[in-house]
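# Structure assessment
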Amino acid sequence: LAQARQLLPRQLLSQPAATEYQATENVSVCVGRGPEAADDAVDAASDSGEENSAEVIQLAKEKVKETREADGEEVDFDDLDILDELEEAAAAIRKERREQRRRRRAAREAWIREAKIEAKRKEALEVSGAASVKPAASIHERPPWLWKQLATDAFKSGNYYQAQFYYTREAESYGLEPFTASIIHDKVNGKQEISDCNGQNIESQPSQLATALSNRSHCFARLGHFEASLADARRAAEIRPDWARAWSRVGAAAAAGSAEACDAWRRAVQIDPCSNHLEGLEEACRRAQKGAGKEQGNEALQARDWHGAIACFTEALAVIPARSQSTQDGYSLLRCILFSNRSGAFARAGRWNAAVLDAERALAEEQTYPKAYTRLGVALLGCRENEKAYVAFATALKAEERNQAASKGRQACLQLVPQWRSSAAALRRSRFLRDACRPARTSRIFLLSELRFGHASNEAWVHGIHATKFLDDVLILTGNVADSFRALERGLTALRPKFRRIFFTPGNNEMWITPLESQMFPDSLCKLWAILELCDRLGVEVAPAAVSEGVFVVPLFSWYNPEFDTEDPYPDTQFQHDKYAKWPMDANHQVWRYMLALNRNELKRPYHGTVLTFSHFVPRSSLPVSREYGGAKVSGCAELDDQIREARSSCHLYGRTFKNFSKEVEDVIYINCAHKSGGQDEPIPCVFNGERVCCDMVSVH
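Here's what I pulled together on the structure shown here. What you see is a predicted model, and the numbers here were worked out from it, not measured in a lab. (Residues numbered from 1 in each chain as written. Predicted model: local features only at pLDDT ≥ 70, side-chain atom pairs only at ≥ 80, totals over all residues. Heavy atoms only, no water.)

## Some details on the overall build of the protein chain
Of regular secondary structure, the protein chain possesses 24 helices and 13 strands. Counting every position in the protein chain, which comprises 701 residues, the buried fraction comes to 46%. Excluding contacts between residues fewer than 6 apart, the proportion of contacts in the protein chain whose partners are at least 24 apart in sequence is 68%. For the protein chain, the exposed area adds up to about 36000 Å²; of that, 50% sits on carbon and sulfur atoms. (Helix = DSSP H or I, 4+ residues; strand = E, 2+ residues; numbered from the N terminus. Buried < 20%, exposed > 50% of the residue type's maximum accessible area, 1.4 Å probe, protein only. Contact = heavy atoms within 4.5 Å. Areas by Shrake-Rupley, 256 points an atom, 1.4 Å probe, with all protein chains shown as cover.)

Structure, rendered in structure tokens:
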């Protein structure tokens, strides 16, 4: 309206607007402007830029002057450096005034709506009579869920003043007069009753009333009315003393650092130790500079009070100076111990994610504390992240060999990993049928064995593969892509964009832990889990999947069995093969069994049509292998062939040996075609041309 009056020329109005109305029965025209209209005009004028700028600048100067004098600095408003600070103060004042005007408008709108509803109700009663017309529902008699929904919408939109108004109506619908009520405790037969000022019992719906008061307390806190917020929070806590949110409202509304705030946050943590409550307790105790110590937390652990122990360790962490830099300080070990202990308390309480977070915080403070790795392993086991838990336990055992808890945890992981229950394994399973409807003739499958990307000539050959020729095709890597983890990462990164999908299974060279990698991986299984995680990150498949309609690729983990050498079925004592591989079990008799156990769940899938399995080691003793220097003992595993048959394989691809082979044996075609490192023009073998299994050489250019 103010903007319209500015646009409309005054000379066009020959007479006041009120005189243009015709006299009508029961209608009165007020020429003057009421207080509400005047307030609307002031608010509109202020919003349109008509606010008294001089007054705002003066208030900003007083604010800046007060701030500078408190800091002991001189104030000279003629100095150009102070203009930015003055403008920021003026902007803050204008923002606060706009917020106040918005609250006033919201209150006026609510009052006007109530007045209109009441006026319509009274008019209906006067015209029709109270006997013939049923009175309309009073504003206080409306259903509570309506007020709660209106309050929720207002709160989400940032209108906290309107939200608290609706929460007030919700509380009134439960029989409480929020602005005049007081909590009265009458002990009758040992039971406390909560009543309003009129003595009306409100125990019938204590949960809903406490929720309404808690929500209104939150609105008051957002508006800066902490006294009213604290009063509502106290009433909510009185009604529901076992509700953590009510106590958190008390802690947020109470004076920062006060005893009441600390006690309220402590009660909230003891009931529900969520992250918000922990942050509130830590902040309150840090401001108060007092709290429980490590000893009280240990006593709570011994008493099996897990939530109480969490609260005590949180208070102990709050009074320790926070680390300001990334480097360690004199309190790093103490913080590590407290985080580790709190992680253990979280684990006992069944809050595994919080336990993982605290264990990781402990290790960030001190990476040489074995118990922190053990706590991390326990928490990860609770989250079913069995592979990551194994790494944590193995690291703890490397730092402390006689750690019984870590030893038991590692053994538990070895039993659970073959079930593949981790989140990463679930993600791999979700990709099983991603290409099941892709036409079979549109994709070819290529084989690459014994690549050894670390050699300069092989690396140049990989980079020389045509960039777009194989974008619809699939590549199978049968292991020994590289010796080190970094070289493997570079090799897979170079190959990944050249093919539609890549399948990989580790070979014996990938299981080596070189002296440079001894600090990265405690043993070869830890490196295996790291390789699987790397493949997931790069988009390389390590689990079975359909590559087109009726065509499946199944990777199989494997390791050699000395009994593969039928002429001398015993471990080789003369030559030390794979000396850089470090296993937590017997390398000759247990590793190959464990690798086969990792395949069992994948063999139960509904394979049909053309199934291509592949492994690094040779699956049959009748296939050609090198027997020099005890090579037959470390070339294959005969038990692997049983799993190949169980998967209903049409063709099996393998590596390990440089003796090329392509022949059908007992309804399964066995193919081995190792990379010869013959230069840039060396072709790549195609083992499936879209229609049938084959062994054709294709140029990579």
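## Concerning the packing of aromatic side chains
The full count for this structure, using the stated rule, is 17 aromatic pairs. Aromatic pair tryptophan 420 and tryptophan 529: ring centres 6.3 Å apart, planes at 90 degrees, arrangement edge-to-face. One end of the pair, tryptophan 420, is in the loop between α18 (404-416) and α19 (423-430); the other, tryptophan 529, is in helix α22 (residues 524-538), with 109 residues separating them in the sequence. Tryptophan 529 shares its class with tryptophan 420; the two are buried. (Phe/Tyr/Trp six-rings, centres within 6.5 Å; stacked < 30°, edge-to-face > 60°.)

## Considerations on the pairing of strand β8 (residues 610-614)
Taking burial as the measure, the five residues of β8 include four buried ones, the bulk of the element. As defined by bridge partners, strand β7 (residues 551-555) adjoins β8 across five bridges and the pair is classed as parallel. In the sheet register, valine 553 faces β8, and the bridge partner there is leucine 612. Each parallel crossover has a hand, and the one from β7 via helix α23 (residues 591-597) to β8 is right-handed. Looking at chain direction, β8 and strand β9 (residues 651-653) are connected through three bridges and run parallel. Opposite threonine 613, over in β9, you have histidine 652 as the bridge partner. Considered for its hand, the β-α-β crossover made up of β8, helix α24 (residues 640-646) and β9 is right-handed. (Pairing = 2+ DSSP bridges. Right-handed = clockwise from strand over helix to strand, strands pointing away.)

## Comments concerning the environment of phenylalanine 453
Relative to the helices and strands, phenylalanine 453 is located in the loop between β3 (445-448) and α20 (456-463). Overall, the relative accessible area of 1% leaves phenylalanine 453 in the buried class. Along the backbone, phenylalanine 453 and alanine 482 are 29 residues apart, and their C-alpha atoms lie at a distance of 5.2 Å. With near-sequence residues (within four places) excluded, phenylalanine 453 lies in contact with Asn458, Glu459, Val462, His463, Val481, Ala482, Ala487, Arg490, Gly491 and Ala494.

## Quick word on α20
Within the span of α20, buried status applies to Asn458, Trp461 and Val462. Along the long axis of α20, the arc covered by the buried residues comes to 100 degrees, so they all point the same way. Contact partners of the buried residues in α20: β3 and α21 (485-495). (Arc of directions from axis to C-beta.)

## Section: helix α16 (residues 370-382)
Three- or four-residue spacings in an α-helix give side chains the same orientation, since the helix completes a turn every 3.6 residues. The end-to-end C-alpha separation of α16 is 19 Å, in line with the 18 Å expected for 13 residues at 1.5 Å each. For α16, every residue scored as buried is listed here: Pro370, Ala372, Tyr373, Thr374, Leu376, Gly377, Ala379 and Leu380. Positive phi shows up at arginine 384, right after α16, with a value of about 65 degrees. (Expected span 1.5 Å × (residues − 1).)

## As for the sheet that holds β3
The five strands lie next to each other as β5-β4-β3-β12-β13, forming an open sheet whose pairing is mixed. At either end of the open sheet lies a strand with only one pairing partner, and these are β5 (501-504) and β13 (693-698). Strand-to-strand twist in this sheet, taken as the mean axis angle between neighbours without regard to direction, amounts to 25 degrees. Sheet topology note: the strand β4 (residues 474-477)/β5 ladder contains four bridges and is parallel. Paired with isoleucine 476 across the strands is phenylalanine 503, a residue of β5. Running over the sheet, α21 touches β3, β4 and β5 and is turned about 160 degrees from β4. (Axes fitted to C-alpha atoms, helices over the stretch in contact; angles between N-to-C directions.)

## A few points about the sheet that holds β8
Strand order in the open sheet formed by six strands is β6-β7-β8-β9-β11-β10, with mixed pairing between adjacent strands. The sheet is open, and its two borders are formed by β6 (545-548) and β10 (661-665), each paired with just one other strand. Going from strand to strand, the sheet's axes swing by 25 degrees on average, the running direction of each strand aside. With three bridges joining them, β9 and strand β11 (residues 668-672) adopt parallel strand pairing. The residue bridging leucine 653 from the neighbouring strand is isoleucine 671, located in β11.

## Let's talk about the packing of helix α12 (residues 294-302) against helix α14 (residues 332-348)
Between α12 and α14, the shortest axis-to-axis distance is 11 Å and the interhelical angle comes to 20 degrees. The orientation of α12 with respect to α14, classified from their angle, is roughly parallel. Every pair of crossing elements has a handedness; the one defined by α12 and α14 is left-handed. Note on element contacts: α14 touches α12 through Ile337, Leu338, Asn341 and Ala345, opposite Lys294, Asn298 and Leu301. (Parallel < 35°, antiparallel > 145°, perpendicular 65-115°, else oblique. Left-handed = near helix turned anticlockwise from the far one by under 90°.)

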